Amino acid sequence: MIAIGSDHGGYELKQEVMKHLEARGFEFKDYGCYDRKSCDYPEIAHMVAHAVADGHCERGILICGTGIGMSMAANKVPGIRAALCGDCFSARMTREHNDANILCMGERVVGPGLALMIVDAFLDTEHSEDERHHRRVSKIEQI
Ligand code: RB5
């Protein structure tokens, strides 16, 4: 199960991402926002981050205007490794090396075509089995 959320600045892209997830057969839960009315991104980020940290969802996707506020807020929740990605290479690497569990994107930064490719790279890549990456991720958790 994938937890997804956006503020008003990421609302349009979230609709595209949800269509894409549906087409790919992924189950997802939409934590809002549910219209284009102005709202506060930390509230959505915390709901999605807790859904992932508490084990209700395996991964999360958060979208705001830049993706920055969402990533800052999500990373405050213990156990969350939220990665702001604007390219496919970073999306793949953050899964392989950092075992990122939330993908953040900025609707005002990436176009819908690239965003869907970033989503695919994030969802289709597993964490590396290499010991050094596991060791480093554990060290993030100890901070
Ligand atoms: C909302 O105007 C905007 O600040 C928000 O979508 C996001 O970009 C924050 O980081």
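Higher on the page you've got the structure.
Scope of this entry: the structure provided in the associated data block. (Residues numbered from 1 in each chain as written. Predicted model: local features only at pLDDT ≥ 70, side-chain atom pairs only at ≥ 80, totals over all residues. Heavy atoms only, no water.)

**Some remarks on the overall build of the protein chain**
Inference 1: Along the protein chain, the regular secondary structure elements total six helices and five strands.
Inference 2: The order of helices and strands in the protein chain, counted from the N terminus, is β-α-β-α-β-α-β-α-β-α-α.
Inference 3: Of all 143 residues assigned to the protein chain, the portion counted as buried reaches 47%.
Inference 4: Contacts spanning at least 24 positions in sequence make up 69% of the contacts within the protein chain whose residues lie at least 6 apart.
Inference 5: Surface summary for the protein chain: the accessible area is close to 7300 Å², and the carbon and sulfur share equals 52%.
Inference 6: Where the 16 positive side-chain charges of the protein chain centre and where its 22 negative ones centre are 4 Å apart. (Helix = DSSP H or I, 4+ residues; strand = E, 2+ residues; numbered from the N terminus. Buried < 20%, exposed > 50% of the residue type's maximum accessible area, 1.4 Å probe, protein only. Contact = heavy atoms within 4.5 Å. Areas by Shrake-Rupley, 256 points an atom, 1.4 Å probe, with all protein chains shown as cover. Lys, Arg positive; Asp, Glu negative; His and termini not counted. Charge placed at Lys NZ, Arg CZ, Asp CG, Glu CD.)

**Comments concerning the nonpolar core**
One broad rule of soluble globular proteins: the nonpolar side chains tend to lie buried together.
Inference 1: Ranked by size, the top nonpolar core spans 22 residues in total, and within it V17, L21, I61, L103, M105 and V119 carry the most contacts.
Inference 2: Those residues in contact with L21 that lie beyond four places of it in its chain are I2, I4, F26, F28, I61, V119 and L123.
Inference 3: Membership of the second largest hydrophobic core comes to 19 residues, among which are A3, Y31, A51 and I80. (Core = buried A, V, L, I, M, F, W, Y, C linked by side-chain atoms within 4.5 Å.)

**A closer look at the pairing of strand β5 (residues 102-106)**
The side chains of a regular strand alternate, residue by residue, between the two faces of the sheet.
Inference 1: For β5, a buried count of five out of five residues is recorded, marking the element as mostly surrounded by other parts of the structure.
Inference 2: With five bridges connecting them, strand β3 (residues 59-64) and β5 associate as parallel partners. Counterpart to I63 in the pairing with β5 is M105.
Inference 3: In this structure, strand β4 (residues 82-84) lies alongside β5, joined through three bridges in parallel fashion. Looking at β5, one finds that A83 is bridged to L103.
Inference 4: Regarding topology, helix α4 (residues 88-96) serves as the crossover connection from β4 to the parallel β5, and that connection is right-handed. (Pairing = 2+ DSSP bridges. Right-handed = clockwise from strand over helix to strand, strands pointing away.)

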